[in-house]
Amino acid sequence: MALTREQREQFLAEPHVAALAVDAGEGRGPLTVPIWYQYEPGGDLWIMTGAGSRKHELIRAAGRFSLLVERVEPTIRYVSVEGPVLGTEPGTLAHLREISARYLPAEKVDGYVEFAAKNHGEQVIVRMRPERWVTSDLGTV
């Protein structure tokens, strides 16, 4: 059963690890990788990735990407969104802290932010407007 607009936006706003998919070019399947993301109902979403990463280069070339989030309990539910890139900006420590706090226990955030800032290199924020949604709650099967 498809989710309502409110249900799909609320589900996407929860801290699921997403599968990001982006066109990888002629003769290739899409690049599909796990990623953290940030989203608030009714708004745009953003991801943080390496400025020189293959993922970033492919997103820049395609101008759009998809995210899929899912769960299996208490029911099997998923939300897939696809849309255009609205813009890219340099990633900051504030972005890194925000996304880390979304996914990590509070006591782990400072250590992770320090590690990531030292080891992950230059980061960018890529903003996307969810344009097409595919959703379902399959209940308990």
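The structure we're discussing is the one just above.
Since we're looking at a predicted model, the values are computed, not measured.

Novice: I'd like to hear about helix α1 (residues 5-13), residue by residue, with values.
Specialist: Listed as buried for α1 are Glu9, Phe11, Leu12 and Ala13. Elements that come into contact with the buried residues of α1 comprise β3 (37-39), β4 (45-50), β5 (64-71), β6 (76-90), α3 (93-103) and β8 (132-139).

Novice: Can you lay out the nonpolar core for me, pointing to particular residues and giving the numbers?
Specialist: In terms of nonpolar packing, the biggest core is built from 35 residues, with Tyr37, Phe65 and Leu67 touching the most fellow members. In this view, Tyr37 contacts Phe11, Leu12, Glu14, His16, Ala18, Trp46, Ile47, Leu67, Val69, Ile99, Arg102 and Tyr103; residues no more than four positions away in its chain are not counted.

Novice: Pulling in residues and values, what's your account of the environment of Gly87?
Specialist: Its location among the elements puts Gly87 in strand β6. Since its relative accessible area comes to 26%, Gly87 is described here as partly exposed. Separated by 41 residues in the primary sequence, Gly87 and Met128 place their C-alpha atoms 7.5 Å from one another. Apart from the residues within four sequence positions on either side, Gly87 is in contact with Ile125, Val126 and Arg127.

What counts and how
Residues numbered from 1 in each chain as written. Predicted model: local features only at pLDDT ≥ 70, side-chain atom pairs only at ≥ 80, totals over all residues. Heavy atoms only, no water. Buried < 20%, exposed > 50% of the residue type's maximum accessible area, 1.4 Å probe, protein only. Helix = DSSP H or I, 4+ residues; strand = E, 2+ residues; numbered from the N terminus. Contact = heavy atoms within 4.5 Å. Core = buried A, V, L, I, M, F, W, Y, C linked by side-chain atoms within 4.5 Å.

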